[in-house]
Amino acid sequence: MDQNRFAHLFADNITLNPLELESVRHEIEARTTAIHQLELQIKVLKAESEKYQTLLSPLRRNLLPPEILGEIFNFSIRSAAESDSSASYQLNTLCRVCKAWRAAALVKPALWADVGWVCIDAPQSLDVGKVGEWLSRSGKVKKSLRIVGDHGAEDGPACPLLHSELRSLLADGPPLDDLSLLCTYAECLEAVLSGIQSTSAKSQSCDSIHSLTLGMERASAMSFGRVCCVLDRFPTLRALSLDPSEYYEFIHDGELPESLPFGNLTTLSITCDWPEALVLGILRNCAGLETLTLDTHGCPRSYNPSYPHYLPILLPKLQTLQLK
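Residues numbered from 1 in each chain as written. Predicted model: local features only at pLDDT ≥ 70, side-chain atom pairs only at ≥ 80, totals over all residues. Heavy atoms only, no water.

### With respect to the overall build of the protein chain
- From N to C terminus, the protein chain includes 10 helices and 8 strands.
- In the protein chain, buried positions account for 37% of the 324 residues.
- Across the protein chain, every contact between residues at least 6 apart in sequence was considered, and the portion connecting residues at least 24 apart equals 75%.
- As presented, the protein chain carries roughly 19,200 Å² of accessible surface, and 55% of it is formed by carbon and sulfur atoms. (Helix = DSSP H or I, 4+ residues; strand = E, 2+ residues; numbered from the N terminus. Buried < 20%, exposed > 50% of the residue type's maximum accessible area, 1.4 Å probe, protein only. Contact = heavy atoms within 4.5 Å. Areas by Shrake-Rupley, 256 points an atom, 1.4 Å probe, with all protein chains shown as cover.)

### Topic: the side chain of T293
- Looking at the secondary structure, you find T293 in strand β7 (residues 291-295).
- Excluding anything up to four places from it in sequence, T293 contacts L268, S269, I270, Q322 and K324.

### Here we look at helix α4 (residues 87-95)
- Three or more residues of α4 are buried, namely S88, L91, L94 and C95. Around the axis of α4, the buried residues are gathered within 120° of arc, so they sit on the same side. (Arc of directions from axis to C-beta.)

### Points about the nonpolar core
- L193, L214, F262 and L268 are the most contacted members of the largest nonpolar core, which has 64 residues in total.
- Broken down by element, this core gets its largest block of residues, 6 residues, from helix α8 (residues 186-196).
- In this view, L268 contacts L240, I282, L283, C286, L289, T291, L292 and T293; residues no more than four positions away in its chain are not counted. (Core = buried A, V, L, I, M, F, W, Y, C linked by side-chain atoms within 4.5 Å.)

### A word on the packing of aromatic side chains
- Scanning the model with the defined rule gives 2 aromatic pairs in all.
- Pairing F73 with W101 gives two aromatic rings, centres 5.3 Å apart and planes at 55°, and the pair type is tilted. Of this pair, F73 sits in helix α3 (residues 66-82) while W101 sits in helix α5 (residues 99-106); the two residues are 28 residues apart in sequence, bridging distant segments of the chain.
- The exposure class of F73 is buried, given its relative accessible area of 3%.
- Assessed through its relative accessible area of 21%, W101 is described here as partly exposed.
- Centre to centre, the rings of W112 and W134 are 4.8 Å apart; their planes meet at 70°, and the pair counts as edge-to-face. With W112 in the loop between α5 and β1 (114-120) and W134 in helix α6 (residues 128-136), the pair connects residues that are 22 residues apart, well separated along the chain. The same class applies to W112 and to W134, which are both buried. (Phe/Tyr/Trp six-rings, centres within 6.5 Å; stacked < 30°, edge-to-face > 60°.)

### Description of helix α9 (residues 221-230)
- Within α9, 7 of the 10 residues are buried, which leaves the element mostly enclosed by the surrounding structure.
- Residues of α9 that are buried include every one of A221, S223, F224, G225, V227, C228 and V230, and no others.
- Buried residues in α9 make contact with α8, β4 (211-218), β5 (239-243) and α10 (276-283).

### Regarding the sheet that holds strand β2 (residues 144-149)
- Ordered by their spatial adjacency, 8 strands build an open sheet running β1-β2-β3-β4-β5-β6-β7-β8, and the pairing between neighbours is parallel. Two strands bound the open sheet, and with one partner strand each, they are β1 and β8 (320-323). Each adjacent strand pair in this sheet contributes to an overall mean axis angle of 5°, direction not counted.
- Bridge count between β5 and strand β6 (residues 267-271): 4 bridges; the pairing is parallel. Across the sheet, the residue bridging to L240 is L268, located in β6.
- Strands β3 (178-185) and β4 of the sheet are contacted by α8, whose axis makes an angle of about 145° with β3. (Pairing = 2+ DSSP bridges. Axes fitted to C-alpha atoms, helices over the stretch in contact; angles between N-to-C directions.)

Given below as structure tokens:
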């Protein structure tokens, strides 16, 4: 503002004439406009400054050690798994952010120890090579693999779990600590478990699997018994989770096979609507159990006199009993 024009007005307390009033209003408007323009420039400069500041973050300056970043990834993926989100999907997403994040994920073996649930609806629908590569990144960390075989239509093609490449992965791939197999027929699970043991030498998985989950929709007492008998080939097995077929599949069989190889188990979980007699038929060979979970799957159990009466079962080492 040209203050010289208004110096006499600031120096004295005289009344302004209309022309002077208009000039003063013009000067006020000009300065107000200039202030708004400066405020806008300051706002733009602040935004640009904050944008540049992000380039100085610890991640961009490579100040955060990959090990710490890997721990953050591990926490994030565990949280995603608890919310029913795919852990493998979350890990793939993190690895696509930048090279540094992928490198940090690769140096954290625990991130690669679990592939998550793999659904196979056709023999060619599973890229066995990618699964094996994924698990190999976990190094010596205990590994988990969960597979669902989807037969589709009742009279559909052969079981997708019986593909030779999958059998090779389970028999000769990275040793697994935890294996889950779900399929329509008990015979499919029997074939898969039998294939894990090669004809020439025992596979790595036979001496590494400590926890096994088996789920089937259709099984007779005999086919269920054959599946269980295959477990003899897994001497390290200590935890077993069973989700067998519904009770009516066993109506005409009367009882389970006499010998079920559950003597080495310390943890057993059974989800079924079977009568007590069938459940006791399993437990009579589980003297070493320390943890037992019986889940009726929301179905009430009732006494069925058509089944034989078993004497009480003694579980001397049992510490935890859960009834759901």
